[in-house]
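Residue strings, one per chain:
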Amino acid sequence: MTAQIRRLGIAFVVLFVVLFAQINYIQVFGAEDLANNPANAQRQLIAEYSVDRGEILASDRKTVLATSRKSTGELKYQRRYPQGSLYATATGYYSFVYGKSGLERAYNDYLTGDAAELLPQTLADQVLGRPKRGGTVVTTIDPDLQQAAAHALGTQIGGVVAIQPSTGYVRALYSYPTYDPNLLASQRREQVVRAWKRLNDDPDKPMLSRAISELYPPGSTFKTVTSAAALADGNGIDSTWPNPHVLDLPQTTATIENFGGEYCPGGSRITLLQALTVSCNVVYAEVGLDVGAEKLAAQAHAFGFGPTTSGETLPFDIGWQHGVFPDAAYFNDRLPEVAISAIGQAQDLANPMQMALVAEAIANHGTEMRPRLVEEVRDQDGRVVTDFGPEEWGTPMSPRDASALTQMMIGVVQNGTGTAAQIPGVTVAGKTGTAQHGTGDEAPHAWFMCFSPDLDLAVAVVVVDGGSLGSEATGGQVAAPIARAVLEAANR
Amino acid sequence: MSQTVAADPRPRQGTAVALTILALVLSVGAYLLVGLGKRGRVPVTLAVYGGIFAAGFIVVHLVIRRFAPRADPALFPVAGVLTGLGFAMIFRLSGGLAAEQATWIAVGLLCFVLTLVAIRDHRQLDAYTYTIGLLGLVLLLLPVVPGIGRTINGARLWVAIGPVTFQPSELGKVLIVVFLASYLNAKRELLSIATSGVGPLRIPPAKHLGPLIVAWATSLAVLFLEKDLGASLLYFAIFVVLLWVATGRAAYLVIGLVLFAAGAALGYAAFSHVQLRVDIWLHALDPQKIHALGYGQVAQAEFGMATGGLVGAGLGRGSPGLIPYASTDFIFAAIGEELGLFGTVAVLLLFVALVGKGIRAALDAGDGFGTLLATGLSAVLAIQAFVIVGGVTRVIPLTGVTLPFVSYGGSSLISNYLLLALLVRVSSGAAPGRGRSLLR
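Procedures and definitions
Residues numbered from 1 in each chain as written. Chains lettered and ligands numbered in written order. Predicted model: local features only at pLDDT ≥ 70, side-chain atom pairs only at ≥ 80, totals over all residues. Heavy atoms only, no water. Helix = DSSP H or I, 4+ residues; strand = E, 2+ residues; numbered from the N terminus. Buried < 20%, exposed > 50% of the residue type's maximum accessible area, 1.4 Å probe, protein only. Contact = heavy atoms within 4.5 Å. Areas by Shrake-Rupley, 256 points an atom, 1.4 Å probe, with all protein chains shown as cover. Phe/Tyr/Trp six-rings, centres within 6.5 Å; stacked < 30°, edge-to-face > 60°. Lys NZ or Arg CZ within 6 Å of the ring centre and 35° of its normal. Buried area = accessible area lost by both parts, 1.4 Å probe. Salt bridge = Lys/Arg side-chain N within 4 Å of Asp/Glu carboxyl O. Polar contact = N/O pair within 3.5 Å; in protein donor to acceptor, adjacent residues only side chain to side chain. Nonpolar A, V, L, I, M, F, W, Y, C, P; charged D, E, K, R; others polar. Pairing = 2+ DSSP bridges. Axes fitted to C-alpha atoms, helices over the stretch in contact; angles between N-to-C directions. Patch = residues over 30% accessible without salt bridge, like charges linked within 9 Å, V, L, I, M, F, W, Y side chains within 5 Å. pLDDT = per-residue confidence, 0-100. Parallel < 35°, antiparallel > 145°, perpendicular 65-115°, else oblique. Left-handed = near helix turned anticlockwise from the far one by under 90°. Core = buried A, V, L, I, M, F, W, Y, C linked by side-chain atoms within 4.5 Å. Lys, Arg positive; Asp, Glu negative; His and termini not counted.

A. Expanded view of the overall build of chain A. The number of helices and strands found in chain A is 17 helices and 19 strands. Here chain A holds 492 residues, and 58% of them are scored as buried. Restricting the contact set of chain A to residue pairs at least 6 apart, pairs at least 24 apart contribute 67%.

Here you go:
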């Protein structure tokens, strides 16, 4: 018996060694994988909410867009948005029920202190027994410009994006309707669920950013892209084009007319400059056909438009929807559509972000800077750990062509459809757009894109369904004043 | 084997006092830390629970000192720390459950004391071999009786009489071990002689093997009728182990293994819930299945332990409430979450120590019955702990056995303290004042 008992004892030890090995795996070697398993969401959330989440600041380093406060509930910290709904597109929401969006999601590692650059301080905190803190994210947004955009847009549904052409920094990012992220940050589940439901049931979709997430036909603002293609193809700003009342489209009985069925002023032939100034559909349709689908598509894609809605073209700190212009192959049997696309209708799609990028590329001598929403990240004690500097993304135009296009766009504002954007003493270059959509009977979308070399700012605005003017709306009347307000704010 | 006259018991008493105090400090300390971690203040029930533990441990210590002075001084304290740790975890999970557990701990300690006092010499039990065996069998099969049997969580293990619900199999388990030890001790030589058989595997005559076959069949009956995988695994393993230890014939181990495999395969083929358990064991983290009933529980246990990491989230600081059945089956995982690897390894080491002491008691016992009894009881603790920890950590499929001393449950606590009392008794030899020779 003795021998067996001893062996039995050893067998028991072996059994326990097996257990020991397994718990070592679960709690040490495999622990991280297990902790990050998506099904472990609850614990991940609770862990996240025990962190003094870092702040999100505007570019003035003073205005606080999002901050963390100690709370007495089950979750140790509460997220607060002191500016309410003004910066919702940029910050996104942070909800223990619905997760995160916007910068809260994209920069989560920095805000929780998990990012590599912040680890030393995080570990120090851990050792010293302090609660975990996150780093600070400094955005590029200028509070003055943001306020001006919100005030000017008012209660019209639409979006405003302002980008600084020399750096690519996004200075304003606003959409209406918007929502208050504080509602989703509450720790009371029923409150959050109710707020979410209300926001999602709202037919105006306040959580959908018109500035970066939706797409609309750009209308005549797309003529800037067509112009770029024409200039690159060797046509100067003084090149002349036939100016009929109506253009017969090839391969079809359809025709293209000008706005209101009018003639474009200037005679039987007008220059490219004149055509852009008055936003002449007929001439630009001709230009589009002349340049051809291939070059037009290439130019659009060079500005950041994609061939389809899917896929990434330009990287941005938060998710956004790039503009759409089909591949050249699409137009093989669809010649008439080339003409219609050239004036920003048919399959063309864009949003203020996309058009602001076009504007900033033109303003920056043809070099398109990568858009940035975050300038720098600081560690828990306020020291800068990462500086996100300007980065070039592409060169859609040559500096000479960009200069020519700038001149054309200055003409639009000085004597053309964009006079509502004039600012005394400041050079403003812009383009209006009044986009048909749907069956064509709905109120059009009012667009305006512009930039000021003096102010180093590019702005794009869309007012959906004509805003306060409805079917009578034009880009010049409805959207241009909003862009002007933003430029004026930058001028102060 | 002869036992020398015991050495001066006083050094052992000193150790016993120290260890008991340590156990008390650790137990009450853990419970105190839970209060601090959870609410930031000392728990209001400190006086009550602290008092129960203090009184209980002191009384037990004194009783051991008087009635089992030569017992290994670490036996009770180790079980005491496990009990205290379990209580602290249960208190962390639910104040209500803690109150019940405290009551059961008091009852368990009382049973311990009564057993130790009533049974002055473990050899007293040797005289009642068949009675005890029959009683154990009855207790095992009691839940099958219609009317009083209850199915909880898929296993028909419970009996409800009036307001009280208890698990008779817990007690039956101990009685079966006593029966086996007694029976095998008596028939040891007979069972060692092989008269018929196949090749190198020889087995003894059927009449001697008979009661064993009955006992083995009972374990299968438990599986099939009561749907308790863990218990049947336990009984079966105990039989085989004791049979092997008693006779020294490896053939029994081999046959046992074969029969176990056959039983397992049969169970798997016949029962969907067995298949489910096996699937959960293998695929608990499968993203398709992880939210299904059963899978989620095991997954949550692993997540909890992983969150605990090396040092744990801290008593009262983690989220063991996210683990289902955290107070019973998964209490080990809850400990893993709040006390980390340190905590889980500590628990394992405590069991190793307890089992080791039991084995030592078996080796030092002066008689065959005592040896087999201590071996069997130690094996129960070892195998049961392995089965539940292994199930929680997915070393083996999960079965519904409790972690001795740690899990919430009156039946479990009482039977484990009864088991401990017997171990202490064997470890100590006959109570002083008997005046009988220790040699058989």
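B. Main features of the overall build of chain B. Helices and strands together make up the secondary structure of chain B, namely 15 helices and 5 strands. Counting every position in chain B, which comprises 440 residues, the buried fraction comes to 57%. Taking as baseline every contact in chain B between residues at least 6 positions apart, the subset at least 24 positions apart corresponds to 71%. Carbon together with sulfur atoms contributes 69% to the accessible area of chain B, which is approximately 17,000 Å² in total.

C. Region of interest: the packing of aromatic side chains. Applying the stated rule across the entire model yields 26 aromatic pairs over all chains. Taking 5.5 Å as the distance between ring centres and 80° as the angle between the ring planes, the aromatic pair formed by Tyr93 of chain A and Trp196 of chain A counts as edge-to-face. Placement of the pair is Tyr93 of chain A in the loop between helix 4 (88-91) and strand 4 (94-95) and Trp196 of chain A in helix 9 (residues 189-201), with a sequence separation of 103 residues. When the ring of Phe53 of chain B is compared with that of Phe57 of chain B, the centres are 5.6 Å apart and the planes differ by 70°; the resulting orientation is edge-to-face. With Phe53 of chain B and Phe57 of chain B both in helix 2 (residues 46-67), this residue pair falls 4 residues apart, about one helical turn. For Phe53 of chain B, a relative accessible area of 4% translates into the label buried. Taken together, the ring pairs connect Tyr31, Tyr49, Phe53, Phe57, Phe76, Phe87, Phe91, Phe112, Phe405 and Tyr417 of chain B into an aromatic cluster. Taking the ring centre of Tyr330 of chain A as reference, the NZ or CZ of Arg334 of chain A above it sits at 4.0 Å. Between Arg66 of chain B and the ring centre of Phe67 of chain B, over which it is positioned, the NZ or CZ distance is 4.8 Å.

D. Broad picture of the interface of chain A and chain B. Contact residues are listed per partner, giving 29 residues for chain A and 50 residues for chain B. Roughly 3,400 Å² of surface becomes buried between chain A and chain B when both sides are summed, with 77% attributable to carbon and sulfur atoms. Looking at the side of chain A facing chain B, the largest losses of area belong to Met1, Gln27 and Arg43 of chain A, adding up to 22% of the total buried there. Where chain A packs against chain B, one counts 0 salt bridges. Joining chain A to chain B, the criterion identifies 4 residue pairs in polar contact (both at pLDDT 80 or more). Among the elements that line the side of chain A that touches chain B, the one with the most residues is helix 1 (residues 2-29) of chain A, at 19 residues. Considered class by class, the residues forming the side of chain A that touches chain B number 17 nonpolar, 9 polar and 3 charged.

E. Fine view of the sheet that holds strand 7 (residues 158-163) of chain A. All names here are of chain A. Taken in spatial order, the 5 strands line up as 8-7-19-18-17 in an open sheet, and their pairing is antiparallel. Two strands in the sheet have a free side with no partner beyond their single neighbour: strand 8 (170-176) and strand 17 (429-435). Between one strand axis and the next, the sheet turns through 5° on average, direction left out of account. Bridge count for strand 18 (residues 445-452) against strand 19 (residues 457-463) is 7 bridges, and the pairing is antiparallel. Residue pairing in the sheet places Cys450 in a bridge with Val459 of strand 19. Against the sheet, helix 16 (residues 399-415) makes contact with strand 17 and strand 18, and its axis sits at roughly 65° relative to strand 17, the strand it touches most.

F. Region of interest: unusual backbone geometry. Cis geometry marks the peptide bond from Tyr176 of chain A to Pro177 of chain A; its omega dihedral reads 5°. Of note in the backbone geometry, Phe405 of chain B takes a positive phi value of approximately 75° without being a glycine. Mapped onto the elements of the fold, Phe405 of chain B is located in the loop between helix 14 (368-392) and helix 15 (410-428).

G. Geometry of a nonpolar patch on the surface. Together, Tyr25, Val28 and Phe29 of chain A together with Leu310, Val311 and Phe342 of chain B make up an exposed nonpolar region whose accessible area comes to about 630 Å². Checked against the element boundaries, Leu310 of chain B lands in the loop between helix 12 (295-308) and helix 13 (331-364). Leu310 of chain B sits in the partly exposed class, given a relative accessible area of 44%.

H. Structural view of the environment of Gly304 of chain B. Along the chain, the position of Gly304 of chain B falls in helix 12. In this structure, the C-alpha to C-alpha distance between Gly304 of chain B and Ile335 of chain B, residues 31 residues apart in sequence, is 9.1 Å. Residue contacts for Gly304 of chain B: discarding those within four places in its chain leaves Arg43 of chain A together with Ile323 and Glu337 of chain B.

I. Region of the structure containing the confidence of the model for chain B. Residues and elements named next belong to chain B. Here chain B averages 83 in pLDDT, while 88% of its residues score no lower than 70. When mean pLDDT is taken per element in chain B, helix 14 scores highest with 94 and strand 4 (residues 196-198) scores lowest with 54. Predicted complex metrics record ipTM = 0.88 and pTM = 0.67.

J. How the structure looks around the packing of helix 8 (residues 143-153) of chain A against helix 17 (residues 475-491) of chain A. All names here are of chain A. Interhelical geometry of helix 8 versus helix 17 gives an angle of 155° and a closest axis separation of 8 Å. As judged from the angle between their axes, helix 8 and helix 17 are roughly antiparallel. Every pair of crossing elements has a handedness; the one defined by helix 8 and helix 17 is right-handed. Facing helix 8, whose interface residues are Asp144, Leu145, Ala148, Ala149, Ala152 and Leu153, helix 17 presents Ile482, Ala485, Val486, Ala489 and Ala490. By residue class, the composition of the contact of helix 8 with helix 17 is 10 nonpolar, no polar and 1 charged.

K. Main features of the pairing of strand 14 (residues 374-378) of chain A. All names here are of chain A. In terms of burial, strand 14 is largely enclosed, as 5 of its 5 residues are buried. Judged from the 4 bridges that link them, strand 6 (residues 136-139) and strand 14 form a sheet pairing that is antiparallel. Residue pairing for strand 14: Thr139 is matched across the bridge by Val374. Both strand 14 and strand 15 (residues 384-387) contribute to a ladder of 3 bridges, which runs antiparallel. Bridge pairing in strand 15 links Arg378 to Val384.

L. Seen up close, the environment of Lys223 of chain A. All names here are of chain A. With respect to the helices and strands, Lys223 occurs in helix 10 (residues 223-232). Residue Lys223 is classed as buried on the basis of its relative accessible area of 0%. Sequence-wise, Lys223 and Ser279 are 56 residues apart; in three dimensions their C-alpha atoms are separated by 7.9 Å. Look past the residues within four positions of Lys223 in its chain and what remains in contact with it is Leu276, Ser279, Cys280, Asn281, Tyr284, Ala342, Ile343 and Lys431.

M. Looking closely at the nonpolar core. Counting residues in each nonpolar core, the largest one holds 141 residues, and the members touching the most others are Leu82, Phe112, Leu184, Leu403, Leu420 and Val424 of chain B. Counting residues per element, this core draws most heavily on helix 13 of chain B, at 17 residues. If we skip the residues at most four places from it in the chain, Leu403 of chain B touches Ile331, Phe332, Val347, Phe351, Ala385, Ile388 and Val389 of chain B. Counting 129 residues, the second-largest nonpolar core is a separate cluster that includes Phe96, Met408, Met449 and Cys450 of chain A.

N. View of the side chain of Glu286 of chain A. All names here are of chain A. Along the chain, Glu286 falls in helix 12 (residues 281-291). It is Arg269 that comes nearest to the buried, bridge-free Glu286 among opposite-charge side chains, at 7.0 Å. In contact with Glu286, not counting residues within four places along its chain, are Trp241, Pro242, Pro244 and Leu247.

O. Up close: the sheet that holds strand 1 (residues 56-57) of chain A. Reading across the sheet, the 6 strands line up as 3-2-1-6-14-15 (chain A) and stay open at both edges, with mixed pairing between neighbours. Looking along the sheet, the strands with just one partner apiece sit at the ends: strand 3 (77-80) and strand 15 of chain A.

P. Main features of the pairing of strand 6 of chain A. Residues and elements named next belong to chain A. By the alternation rule, side chains of strand 6 split into Thr136 and Val138 and Val137 and Thr139, which are all buried. Here 2 bridges tie strand 1 to strand 6, and the two strands are oriented parallel to one another. Across the sheet, residue Leu57 finds its bridge partner in strand 6, namely Val138.

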